[in-house]
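Results of the structural survey
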Amino acid sequence: MPRPDAWRLSPDAYPIREAVQTRYQDLDPNGHLNNVAFAALFETARVLINRSLGGREASPAFGAVVARNEINYLAEGRFPDAVEIATGIGKIGNRSWEMLAAMFQNGLPIATCDTVIVMTTPVGEPIPAPVRERLEALRASPK
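Okay, so let's go over this structure. (Residues numbered from 1 in each chain as written. Predicted model: local features only at pLDDT ≥ 70, side-chain atom pairs only at ≥ 80, totals over all residues. Heavy atoms only, no water.)

Before going further, it helps to spend a moment on the sheet that holds strand β2 (residues 63-73). The pairing of strands in a sheet happens through backbone hydrogen bonds and is either parallel or antiparallel. Here 5 strands make up an open sheet; going across it, the order is β1-β3-β4-β5-β2 and the pairing antiparallel. Edge positions in the sheet fall to β1 (16-20) and β2, since each has one partner strand and no second. On average, each strand axis in the sheet is inclined to that of its neighbour by 25°, with strand direction left out of account. Here 7 bridges tie strand β3 (residues 83-92) to strand β4 (residues 96-105), and the two strands are oriented antiparallel to one another. (Pairing = 2+ DSSP bridges. Helix = DSSP H or I, 4+ residues; strand = E, 2+ residues; numbered from the N terminus. Axes fitted to C-alpha atoms, helices over the stretch in contact; angles between N-to-C directions.)

Okay, structure coming up:
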């Protein structure tokens, strides 16, 4: 796995940051956050952003699904320390967008997550203008 671009490892590159508490049940037998926990923590942050996009308000038939999700593990995570998940938007297409996220614990990057979301309905229509505007406003970028 190639190391992520340096800018991806700074929380300042992302417009949204959420603190998420780790749980004892997230641990593997070695006392580290397990891979499923990493995925669930990233999912929590991703769903919060997707809900804020206003897709249903822009179009009652609006629907979107995860088409690809890639997590790169950079360091061990530990309980009971919370994680900070920094999230922003990457590429925006006609009917899809990329969500970029990085997870930090005690100020150190421990994982990145790249997710492609594809609009499923309404079929054949582009991303609604209000949703596209919100996506543009949430771009992740090098600082």
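Before going further, it helps to spend a moment on empty space enclosed by the protein. Within this structure, the stated rule accounts for 1 cavity of 30 Å³ or more. Each pocket or cavity is described by its volume, and for the largest cavity that value is around 40 Å³. Every residue lining the largest cavity is listed: F42, R46, T87, M99, L100, A101, C113 and T115. Listed by contribution, the elements that provide at least two residues to the lining of the largest cavity are α1 (35-52), β4 and β5 (108-121). (1 Å grid on protein atoms, 1.4 Å probe; cavity = no way out; pocket = protein on both sides within 12 Å on 5 of 7 lines; lining within 4 Å. Points joined across faces, edges and corners; volume = space filled by probe spheres on them.)

Further remarks concern the pairing of β3. Of all 10 residues that make up β3, 8 are buried, and the element is covered over most of its length. Here β1 runs beside β3; their pairing, made up of 5 bridges, is antiparallel. Counterpart to E18 in the pairing with β3 is I85. In this structure, the hairpin formed by β3 and β4 is closed by a connection of 3 residues. (Buried < 20%, exposed > 50% of the residue type's maximum accessible area, 1.4 Å probe, protein only.)

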